[in-house]
Number of protein chains: 2
Amino acid sequence: MATIFDVANRAGVSIKTVSRVLNNASNVRPQTQKKVQLAMRELEYHPSFAARELRSGQSEAIGIIFSDPSGGFQGRLHSAALSACRDAGCFLTAALIEEGSDNWADQLAEFLNRTRIRRMILVPPFCDSADLREQLREEGVTFTLISPSIPAADAVSLGMNEEQAAYEVTQHLVSLGHERIGHIAGIEDHVATQLRKAGFLRALAEAGLEARENWLGVGAFNFRDARDVARQMLADPGERPTAIFAANDEMAAAVCYTASSLGLTVPDDLSVAGFDDVAIATAIWPPLTTVSQPFTAIAAEAVRRLVEPDPEADQGQNEALECRLIIRESTAPPPVG
Amino acid sequence: MATIFDVANRAGVSIKTVSRVLNNASNVRPQTQKKVQLAMRELEYHPSFAARELRSGQSEAIGIIFSDPSGGFQGRLHSAALSACRDAGCFLTAALIEEGSDNWADQLAEFLNRTRIRRMILVPPFCDSADLREQLREEGVTFTLISPSIPAADAVSLGMNEEQAAYEVTQHLVSLGHERIGHIAGIEDHVATQLRKAGFLRALAEAGLEARENWLGVGAFNFRDARDVARQMLADPGERPTAIFAANDEMAAAVCYTASSLGLTVPDDLSVAGFDDVAIATAIWPPLTTVSQPFTAIAAEAVRRLVEPDPEADQGQNEALECRLIIRESTAPPPVG
DNA sequence: TTGAAAGCGGTACCAC
DNA sequence: GTGGTACCGCTTTCAA
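Residues numbered from 1 in each chain as written. Chains lettered and ligands numbered in written order. Predicted model: local features only at pLDDT ≥ 70, side-chain atom pairs only at ≥ 80, totals over all residues. Heavy atoms only, no water.

A.B. asks: It is not clear to me how the relation of the copies chain A and chain B should be interpreted in this structure. Could you clarify?
C.D. replies: A rotation about some axis, followed by a shift along it, carries one copy of the chain onto the other. Mapping chain A onto chain B is achieved by rotating through 180° and translating by 0.1 Å along the same axis, at an RMSD of 0.2 Å. Look at the turn and shift together and you get a two-fold axis relating the two. Most of the interface of chain A is mirrored in chain B, where 100% of its interface residues again form contacts. (Least-squares fit on C-alpha atoms with pLDDT ≥ 70 in both. Contact = heavy atoms within 4.5 Å.)

See the structure below:
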């Protein structure tokens, strides 16, 4: 392991000059800087995280706290964050805090205290806690929120444009020729639920289609509720929709399941679309038309903002990245007649 | 932040003595040790990770590498490892390495080089790579394998007793009165597949039941293949099993799905059991009888071994922890008649 | 524009 | 059994 001393030696300067180059201070002659950078490259020099942390009192690592990293959303975000960190040359240190536990503040304090982490990524559900954000601020932590369900006025956040994505899903169904389209919404007060439903209704209105009361259900993001709703929606052959857009894949799977048990074939008799593109979307048959969220891009942007903060550009309080519609085999033109 | 210096002051000893107590060296008078420990507690002293790392050249953190932490198995293990680390007072630093990438060795070297991590938990798929283990050994890393599919002769590993769990699932079905029991296996050369099938066959043999050829299928751990297998298995009303044990929950879900589309009710007409207790097990209806793997216990044991290595006890090369049978509503006595 | 030297919080070699 | 002190690699004040 080459040290700053080796680099100084090789470049024929003092370690202070090397340090200046490392922290790109202004007062270095370009020529000197070149010399030092060359030496660093030749020696494959990397500054020591430990030494820096010891000196500065802050860890170089980026912190992330989870309530349940095995959950799909958090897991995907974690994966994307790890990937982004690798690309940015930094490392991720994770901690587990029970959501709603009475001593989460102590757990967080302990984490910050011990790791000396001062840059964090906040994912749901913690990004929605104003108390938690306040504590972070008091400890001098800079952070970026990812996909908060309640947009925070006091913090920079990165989200995804779910309304638009839901609009596109619906438009896709419309463009296939569907005119009788149902929607199964998620948990009612979730922002995601509202956005997805809003996009659905916007596309419907734009196409001049009716949003029938009994084609609008609430499945609360779970299989069982969605199955019950689907059963009702599909009960009357004369009155049923030819396509159903469920607000997540698990509920879409429930629709497929129900259709199958009613003797309907997906997509010939009924088109089904989901949202999230989780494992179940390709685990079932037919694979679901769904929406893929830009986890990778979001994590990359979050890490970039922490690693190279740009006070100017980071003023954008609520940047939203685009989702992507993935068309698979669960959607097709409606049955004729 | 109290330092070792503050502790020494308060206890009226030198920092060296404090250091000795910290590293529980032998040459300290019990009385002195007590005094120091008291001072540490009073000051809420915690040694600085950075200072230790700088001095020793090794990070205190425990490392873990994933190929895909959003996958169910890795995600659960990650969650359990985080929890275990918190309880053990250490922290987890994760890295992402693409499975089968041609420069995984460089990625690993970079990770070790930069983080100075020297204690790692190896989870699938990396725990199965002898090359990777060799590289770790060369770098002086101690590690514990979790659930390797090929038991490694050269490393300590922690696994779960899947054969026994599969045996218990089957026994549960037998005890309900089933005599016609099918099995849908996973990907053929996976160790998990073999163990689960072996447990199934052992229970069958013990109960004096027949293992019929057409009640043994291969679903390759995915919904679609399992659905096809189930369709065949359930095709002939006179010849079909009254219970099916699938080697994972996703395949069990496929069985439920197929049963439903054939007009069969689970569990009245057909009992279904899965394995893994993943989200889908409780997402579908009826919730699946399945097997819960001891992720928490395994992670705790893995961390314990890394944090307080015990050369004596750690000779146990392949410790296996017990799984737990979870009986839910997808299993019931066979239909009468 | 550059350099010497102190110190961040520990560990460990040596002397007592 | 205990204490003095050099040192890990870097940042930073102060002088030159």
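A.B. asks: Whenever I open this one, the domain arrangement of chain A confuses me. Can you help?
C.D. replies: How large an interface is tends to be reported as the accessible area lost when its parts come together. All names here are of chain A. Domain parsing of chain A yields domain 1 (4–47), domain 2 (62–160 + 294–321) and domain 3 (162–292). Placing the centre of domain 2 and that of domain 3 at their C-alpha centroids yields a distance of 31 Å. On the side of domain 3, six residues touch domain 2, which itself brings five residues to the contact. Summing both sides of the interface, domain 2 and domain 3 together bury roughly 450 Å²; the carbon and sulfur share of this comes to 44%. Sorting the residues of domain 2 by area buried against domain 3 places Arg76, Ser149 and Met160 first, and these three jointly supply 74% of that buried surface. The tally of links from domain 2 across to domain 3 stands at zero salt bridges. Within the side of domain 2 that touches domain 3, the residues separate by chemical class into three nonpolar, one polar and one charged. (Domains from an automatic or database assignment. Buried area = accessible area lost by both parts, 1.4 Å probe. Salt bridge = Lys/Arg side-chain N within 4 Å of Asp/Glu carboxyl O. Nonpolar A, V, L, I, M, F, W, Y, C, P; charged D, E, K, R; others polar.)

A.B. asks: I tried to follow the protein's contact with DNA strand D on my own but got confused; where do I start?
C.D. replies: Looking at DNA strand D, there are 26 residues lining it, with Ile4, Lys16 and Tyr45 of chain A together with Thr17 and Arg55 of chain B nearest. Within the side chain of Arg55 of chain A, a nitrogen or oxygen atom sits 2.9 Å from a base oxygen of DNA strand D. Within the contact set of DNA strand D, a base oxygen lies 2.8 Å away from a side-chain nitrogen or oxygen of Arg20 of chain B. Sorting the residues of the surface near DNA strand D by element identifies α2 (15–22) and α4 (49–56) of chain A together with α2 (15–22) and α4 (49–56) of chain B as the ones contributing at least two each. Here the surface near DNA strand D is composed, by residue class, of ten nonpolar, nine polar and seven charged. (Near = heavy atom within 4 Å. Polar contact = N/O pair within 3.5 Å; in protein donor to acceptor, adjacent residues only side chain to side chain. Helix = DSSP H or I, 4+ residues; strand = E, 2+ residues; numbered from the N terminus.)

A.B. asks: How should I be thinking about the packing of aromatic side chains in this particular structure?
C.D. replies: Two descriptors summarise a pair of aromatic rings, namely the distance from one centre to the other and the angle between the planes of the rings. The final tally for this structure, using the stated rule, is 13 aromatic pairs over all chains. Here the aromatic rings of Phe200 of chain B and Phe245 of chain B are separated by 6.3 Å at their centres, their planes lie at 50°, and the arrangement is tilted. Remark: Phe245 of chain B occurs in strand β8 (residues 243–246) and Phe200 of chain B occurs in helix α9 (residues 191–206); sequence separation between them is 45 residues. Members of the aromatic cluster, connected to one another through ring pairs, are Phe223 and Tyr257 of chain A together with Phe223 and Tyr257 of chain B. When the ring centre of Phe275 of chain A is taken as origin, the NZ or CZ atom of Arg196 of chain A, which lies over that ring, is 3.9 Å away. One Lys or Arg, Arg202 of chain A, reaches over the ring of Tyr167 of chain A and ends 3.9 Å from the middle of that ring. (Phe/Tyr/Trp six-rings, centres within 6.5 Å; stacked < 30°, edge-to-face > 60°. Lys NZ or Arg CZ within 6 Å of the ring centre and 35° of its normal.)

A.B. asks: Before we go on, may I ask you to explain unusual backbone geometry in this structure?
C.D. replies: Glycine aside, a negative phi is what most residues show, and trans is what most peptide bonds show. Following Pro124 of chain A, the chain continues to Pro125 of chain A via a peptide bond in cis, the omega torsion being 0°. Relative to the assigned elements, Pro125 of chain A resides in the loop between β3 (119–122) and α7 (130–138). Residue Pro286 of chain B is bonded to the preceding Trp285 of chain B through a cis peptide linkage, with omega at -5°. The residue Pro286 of chain B is located in the loop between α12 (279–283) and β10 (290–292) in this model. Backbone geometry at Ala220 of chain A places phi at a positive 55°, although glycine is not the residue there. Of note, Ala220 of chain A is situated in the loop between β7 (216–218) and α10 (223–235).

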